[in-house]
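This is what each chain is made of:
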Amino acid sequence: MKFIFCYLLLACIVFSETAPQYSVIDIPPPPTKFKNIQIDGLTFLPNGKLVVCLPSGEIFFRDNKGEKWELFAEGLHNPLGVLALSNSELIVTQRPELTRIRDLDGDGKADDYEVVTDQFGMSGNYHEFNFTPVRDTQGNYFFALGTGSSGDGVRSITRGTFNEKGRPGRMHSSAPYRGCIMKFTPDGKTIPYSYGHRTPNGLGFDLKGNLFVTDNQGDWVGSSKLFHVQQDRFYGHAASLAWKPGFNEVPIDSPVEKLAKLRTRACVVFPHGTMANSPTEVLAISKNANFGPFTGQLLVGEMNKPRIVRVMLENVDGELQGACVPFIDGSPLGRGCNRMAWAPDGSLFVGQTKHTWAGGQGIQQVSWNGKMPFEIQKMELTEDGFQFTFTQPVNREKAQKKETWPFFRYFFEYRKAYGSPRSAEEKVEVNNIHISKNAKVVKIRLTELKPWHIHEVNIQELTSQNGHTLSNNYIAYTLNRLLKNTPPEPLQIKKPKK
Amino acid sequence: MTFRSKPFILVFFLTTSGHLFGLSKEEILRKGKELYNGAGSCVACHMPDGMGQKGTIPPLAGSDWLKGGSARSIAISLRGLAGPIKVNGKQFYSAMPPQLLFDDQKLAYILSYVNNAWGNKEPIIDKEQVAQARKELPQDVFTPESLLKRFPFDKKYNRKNGTFTPTYDDMVSEITDPIIYRTFMPGASPAAFAVALPGNHYFCWDAGECRLRYVWTKGGFIRANQNHWSSNGKPVAQFNGVPYYRARTTQLNDQTFDELSRTNNQKPIYDTSEATDFPITLKGTREVPTYLGYRLVNGFPKFRYSLGKYVITELIRHNANKSGIQRTFTVSPTVQTTLHLTPTSQSTVSSNRGNLSPDGTLLITAEESNEFSVLIQPREEAN
């Protein structure tokens, strides 16, 4: 059975590349004296200057002409994200802190490094990264704490109350709140906001103010994910439950059924190997972005492939869910796309990193030439299938063929072991295809819609009415809920072998 | 932040120059040994046993750079070599200046001695070889690349790389401006600082417990060639020197810095919530310190932390003659303050205010707590 499906998948042509309407150029890197130009934080000042953070602990500004770099701050400990509050004031997540960095005397160089909060722990394990500060409209800050790795242990002196319950496991949480999204309120409180994160390398808001974070495939994470972050929820990685009030067990010894019932599903799963293996920052396509007809959707970077994924979400039955599609894909885009920001001209700046994992280094600029690409503009759930909206009218003859739409569905198991195979993978037959009058909307009725399964399709050889090939034809929709009458969530667990 | 190469001063005995022919091998080696061990000569860096110094000065004893490479050795001594090199598989990063004060004959004696000392078995070098090289070599100081391009390793010695790419330029240097890094340091919580001051005094300050941990001066600043700045951030920084001041803490015993650099423990020795011996006591408060940040004052770090309602600042600079570090404290609002220092046989501790007892307890009145300074100096530098 499995063999047959593998064969079918291979038979489908995966066609994915950056649409010709988008161009990618390299930006000359800052003159760091540490000889590596990995970019771990990237934003723009109100005055339009580009800001980048490097693993060396340096922060550089680049002038608007793009000719000169200025060293603004240095000596930081693995800064992994930066927000600009003004032209002389930054908020940075570095390993030990959320830090406010200011230039008080106006000489263009930072002279004050103030703790915003350090009310979280550090075991000293290298994997305890402190990712991406974001700020909501009420002035709350959020940042994301990575778990420790069994690739190493803990230091001789650790910061914060050591908790042995969180220590066992592949990825651990022995120091306070590792594996949590943290919230720092304007009145000075630091609280664990959500639990169950593994390597949450990248927070971001959508244009409606919903908070999202990605996670990387691994233990308890069958395939990489995008979560809609809501207070006190648990998103699946067990270790950080050691810090959840009322949870008194050793998290990884807790029955997997119990953990499965506690967890909130991802709004988007990035299928491992085909979509993303190591997703990074979430960036909404803002109204100021000059990036095509995708305003309001999300961009998510990917470390392993030269790829930026586009995510489209909808509210179904009270929860967000949706689809992901490769967008900026393949060379000349580099690997390791880690941090992204909109430049004043509406183009996208991307910083790349690797930190010994797959990835790259450098800064690139992605620009849209204003002409309409041929892309899937959105994919939405219907009562009995999916509705695709394209950016250009499609060739009716090709779109009308059932062979154009080879759907598959499967799920990833929830389990302690690293990753998960695709489980219960099956082809889903197309029942009926309806093309709108303007030929931009195609409704696909499927013979069956199975909730709590990923539905993916490699749209075959579809062209526009002008004869252009669809630039990115692989799309995966995380179908958790149906429009109505969603059956109860199945556990989809794998019990550990005794 | 700038580095400036330390001027290399060579002092050596001026002996009667001997253009002597027909000396026996023993005689040549005896002369070479004498010149090698002359005051301020080769021995000052490469040591009497030819073992060099960890991280900066490569060994000559058993060095794989000497094998089949007399022309290379002559070139290094005539023109110098600056940059990162690998010797016997170990990394070194420093500069050897051109040996301008030795004539051809003396250099030949020295190199012959090095070639045959400590178990080395390389040829005797004669002054004509040196003279010819002096005439023909380009004038510039060699880099590892330019040197090895001209004098590559012989294939039979199976050497591939004679150099490496450092992630951080920690060449032996004179510190002219303060350098501040937050990084993992041995013997501190994971929220640590490593700071270098003019006068080449280096210290570790621990933001996890708001306290100075230790101060050293010899052996250079943290050696970050463990890829700290390009890897996943795992390495704990290392340094070669021995601290002349190490703050007392009852929660660590006699662990070495190597032991305290371990990252693979199952459990910590203790966590900062259990830290009990904060070295500052303010009258009427028993609170634990909270770290607030630091400000740069002419580039020097002024740490800021609170103890209950009190805010303490601690500005750490070198003293006027660069013989030690000066910690200037302010307490606001002012209050009677006790500072527990750690006098040792390697350092002297003094204060410009208050009453310092031999056990290191410094009593500061409320009035004095407005501002007071503590000077810590290594004993051999303190005259």
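Residues numbered from 1 in each chain as written. Chains lettered and ligands numbered in written order. Predicted model: local features only at pLDDT ≥ 70, side-chain atom pairs only at ≥ 80, totals over all residues.

### Some details on the overall build of chain B
Part 1 of the argument: Summing up its helical and strand segments, chain B has 7 helices and 20 strands in all.
Part 2 of the argument: Here chain B holds 383 residues, and the buried ones make up 40% of them.
Part 3 of the argument: For chain B, the share of sequence-separated contacts (at least 6 apart) that also reach a separation of at least 24 residues comes to 59%. (Helix = DSSP H or I, 4+ residues; strand = E, 2+ residues; numbered from the N terminus. Buried ≥ 20, exposed ≤ 12 C-beta atoms within 10 Å, placed from the backbone. Contact = placed C-beta atoms within 7 Å.)

### Brief notes about the sheet that holds strand 15 (residues 181–184) of chain A
All names here are of chain A.
Part 1 of the argument: Taking strand neighbours across the sheet as the criterion, the 4 strands line up as 10-11-15-16 in an open arrangement whose pairing is antiparallel. The open sheet is flanked by strand 10 (130–135) and strand 16 (190–194), the only strands paired with a single partner. Neighbour-to-neighbour, the strand axes of the sheet open up by a mean angle of 30 degrees, direction not taken into account.
Part 2 of the argument: Sheet topology places strand 11 (residues 141–145) next to strand 15; 4 bridges connect them, and they run antiparallel. Looking across to strand 15, one finds that Ala-144 is bridged to Ile-181. (Pairing = 2+ DSSP bridges. Axes fitted to C-alpha atoms, helices over the stretch in contact; angles between N-to-C directions.)

### So, helix 4 (residues 104–116) of chain B
Residue and element names in this part refer to chain B.
Part 1 of the argument: Relative to the 18 Å expected for 13 residues at 1.5 Å per residue, helix 4 spans 18 Å between its end C-alpha atoms, a close match to the ideal helical length.
Part 2 of the argument: When helix 4 is considered as a whole, its buried residues turn out to be Asp-104, Lys-106, Leu-107, Ala-108, Tyr-109, Ile-110, Leu-111, Ser-112, Tyr-113, Val-114 and Asn-115.
Part 3 of the argument: Looking at the packing, one finds that the buried side of helix 4 touches helix 1 (25–36), helix 3 (70–79) and helix 5 (127–136).
Part 4 of the argument: Following helix 4 by one or two positions, Trp-118 has its phi on the positive side, about 55 degrees. (Expected span 1.5 Å × (residues − 1).)

### Observations concerning the pairing of strand 28 (residues 376–381) of chain A
Residues and elements named next belong to chain A.
Part 1 of the argument: By the criterion of burial, strand 28 is predominantly enclosed, with 5 of the 6 residues buried.
Part 2 of the argument: Bridge analysis of strand 28 against strand 29 (residues 385–390) gives 5 bridges, and the strand direction is antiparallel. Along strand 29, the bridge assignment pairs Lys-378 with Thr-389.
Part 3 of the argument: Count of turn residues in the strand 28/strand 29 antiparallel hairpin: 3 residues.

### Describing unusual backbone geometry
Part 1 of the argument: Here the amide bond leading from Ser-331 of chain A into Pro-332 of chain A is cis, since omega sits at 10 degrees, within 30 degrees of zero.
Part 2 of the argument: Take Pro-332 of chain A: it is sitting in the loop between strand 24 (319–329) and strand 25 (337–342).
Part 3 of the argument: Geometrically, the link from Ser-332 of chain B to Pro-333 of chain B is a cis peptide bond, its omega value of -5 degrees lying close to zero.
Part 4 of the argument: Despite not being glycine, Thr-132 of chain A has its phi angle at roughly 35 degrees, a positive value.
Part 5 of the argument: Looking at where Thr-132 of chain A falls in the secondary structure, it is placed in strand 10.
Part 6 of the argument: In this structure Thr-132 of chain A comes out as buried when scored by C-beta crowding, with 27 C-beta atoms within 10 Å.
Part 7 of the argument: For Asn-200 of chain B, which is not a glycine, the phi torsion comes out positive at approximately 55 degrees.
Part 8 of the argument: You can call Asn-200 of chain B buried: it has 20 C-beta atoms within 10 Å.

### Digging into the domain arrangement of chain A
Residue and element names in this part refer to chain A.
Part 1 of the argument: Segmenting chain A into domains produces domain 1 (23–368) and domain 2 (376–479).
Part 2 of the argument: Taking only C-alpha atoms into account, the centre of domain 1 sits 30 Å from that of domain 2.
Part 3 of the argument: If you look at the interface, domain 1 gives 31 residues, while domain 2 gives 25 residues.
Part 4 of the argument: Going through the elements one at a time, helix 2 (256–262), strand 20 (268–269), strand 23 (307–316) and strand 24 are the ones with two or more residues in the side of domain 1 that touches domain 2.
Part 5 of the argument: For the side of domain 1 that touches domain 2, the element with the highest residue contribution is strand 24, accounting for 8 residues.
Part 6 of the argument: Class assignment for the residues of the side of domain 1 that touches domain 2 results in 18 nonpolar, 9 polar and 4 charged. (Domains from an automatic or database assignment. Nonpolar A, V, L, I, M, F, W, Y, C, P; charged D, E, K, R; others polar.)

### As for the nonpolar core
When a protein is soluble and globular, its nonpolar side chains tend to lie buried together.
Part 1 of the argument: Within the largest apolar cluster, 186 residues are counted, with the highest numbers of intra-cluster contacts made by Met-182 and Val-309 of chain A together with Val-195 and Phe-203 of chain B.
Part 2 of the argument: In this structure Met-182 of chain A touches Phe-120, Phe-142, Phe-143, Leu-145, Tyr-177, Thr-190, Pro-192 and Tyr-193 of chain A, once residues within four positions along its chain are discounted.
Part 3 of the argument: Ranked by size, the runner-up nonpolar core spans 26 residues in total, among them Leu-66, Ala-108, Tyr-109 and Ile-125 of chain B. (Core = buried A, V, L, I, M, F, W, Y, C linked by C-beta atoms within 7 Å.)

### Concerning the confidence of the model for chain B
Residues and elements named next belong to chain B.
Part 1 of the argument: Taken residue by residue, chain B gives an average pLDDT of 86. The fraction at 70 or more is 87%.
Part 2 of the argument: Across residues 1–20, where pLDDT falls below 50, the model places 32 contacts with residues more than four positions away in sequence or in other chains.
Part 3 of the argument: Both scores are available for the predicted complex, with the pTM at 0.83 and the ipTM at 0.95. (pLDDT = per-residue confidence, 0-100.)

### Regarding the domain arrangement of chain B
Part 1 of the argument: We note that the domain assignment places domain 1 (3–157) and domain 2 (174–381) within chain B.
Part 2 of the argument: The C-alpha centroid of domain 2 of chain B is placed 41 Å from the C-alpha centroid of domain 1 of chain B.

### Some details on the interface of chain B and chain A
Part 1 of the argument: On the chain A side, the residues contacting the 40 residues of chain B number 35 residues.
Part 2 of the argument: Mapped by element, the contributors of at least two residues to the side of chain B that touches chain A are strand 5 (179–182), strand 10 (270–271) and strand 12 (290–297) of chain B.
Part 3 of the argument: When the residues that make up the side of chain B that touches chain A are grouped by side-chain class, the tally is 17 nonpolar, 16 polar and 7 charged.
Part 4 of the argument: One ladder, built from 2 bridges, connects strand 13 (residues 157–158) of chain A with strand 10 of chain B; its direction is parallel. Along strand 10 of chain B, the bridge assignment pairs Thr-158 of chain A with Asp-271 of chain B.

### Here we look at the sheet that holds strand 9 (residues 245–246) of chain B
All names here are of chain B.
Part 1 of the argument: One open sheet holds the 5 strands; their spatial order is 5-6-7-8-9, and the pairing between them is antiparallel. Unpaired on one side and paired on the other, strand 5 and strand 9 mark the two borders of the sheet.
Part 2 of the argument: Sheet topology note: the strand 7 (residues 201–206)/strand 8 (residues 211–216) ladder contains 5 bridges and is antiparallel. Bridging from a neighbouring strand, Tyr-202 pairs with Trp-216 of strand 8.

### A few points about the environment of Gln-377 of chain B
Part 1 of the argument: When you line up the elements, Gln-377 of chain B lands in strand 20 (residues 372–378).
Part 2 of the argument: For the pair formed by Gln-377 of chain B and Phe-153 of chain B, sequence separation is 224 residues and the distance between their alpha carbons is 46 Å.

### Observations concerning the confidence of the model for chain A
Part 1 of the argument: For chain A, mean pLDDT is 95; residues scoring 70 or higher make up 96% of the total.
Part 2 of the argument: Low pLDDT, under 50, characterises residues 1–11 of chain A; the stretch is placed with 3 contacts to residues that sit more than four places away or in other chains.

### Some points on the packing of helix 1 of chain B against helix 4 of chain B
All names here are of chain B.
Part 1 of the argument: Relative orientation of the contacting elements helix 1 and helix 4 amounts to 100 degrees, with a least axis distance of 7 Å. With respect to helix 4, the element helix 1 is oriented roughly perpendicular. Taken together, the residues of helix 4 that come into contact with helix 1 (itself represented by Ile-28, Leu-29, Lys-31, Gly-32, Lys-33, Leu-35 and Tyr-36) are Lys-106, Tyr-109, Ile-110, Ser-112, Tyr-113, Val-114 and Asn-116.
Part 2 of the argument: Here the contact of helix 1 with helix 4 is composed, by residue class, of 8 nonpolar, 3 polar and 3 charged. (Parallel < 35°, antiparallel > 145°, perpendicular 65-115°, else oblique.)

### Some points on the packing of helix 3 of chain B against helix 5 of chain B
Residues and elements named next belong to chain B.
Part 1 of the argument: Following both chains from N to C, one finds helix 3 and helix 5 inclined at 60 degrees, their axes separated by 10 Å at the closest point. In terms of orientation, helix 3 lies oblique with respect to helix 5. Crossing angle aside, the handedness with which helix 3 passes helix 5 is right-handed. Counted together, Ala-71, Ile-74, Ala-75 and Leu-78 of helix 3 and Gln-129, Val-130, Ala-133 and Arg-134 of helix 5 form the full contact between these two elements.
Part 2 of the argument: Classifying every residue of the contact of helix 3 with helix 5 gives 6 nonpolar, 1 polar and 1 charged. (Left-handed = near helix turned anticlockwise from the far one by under 90°.)

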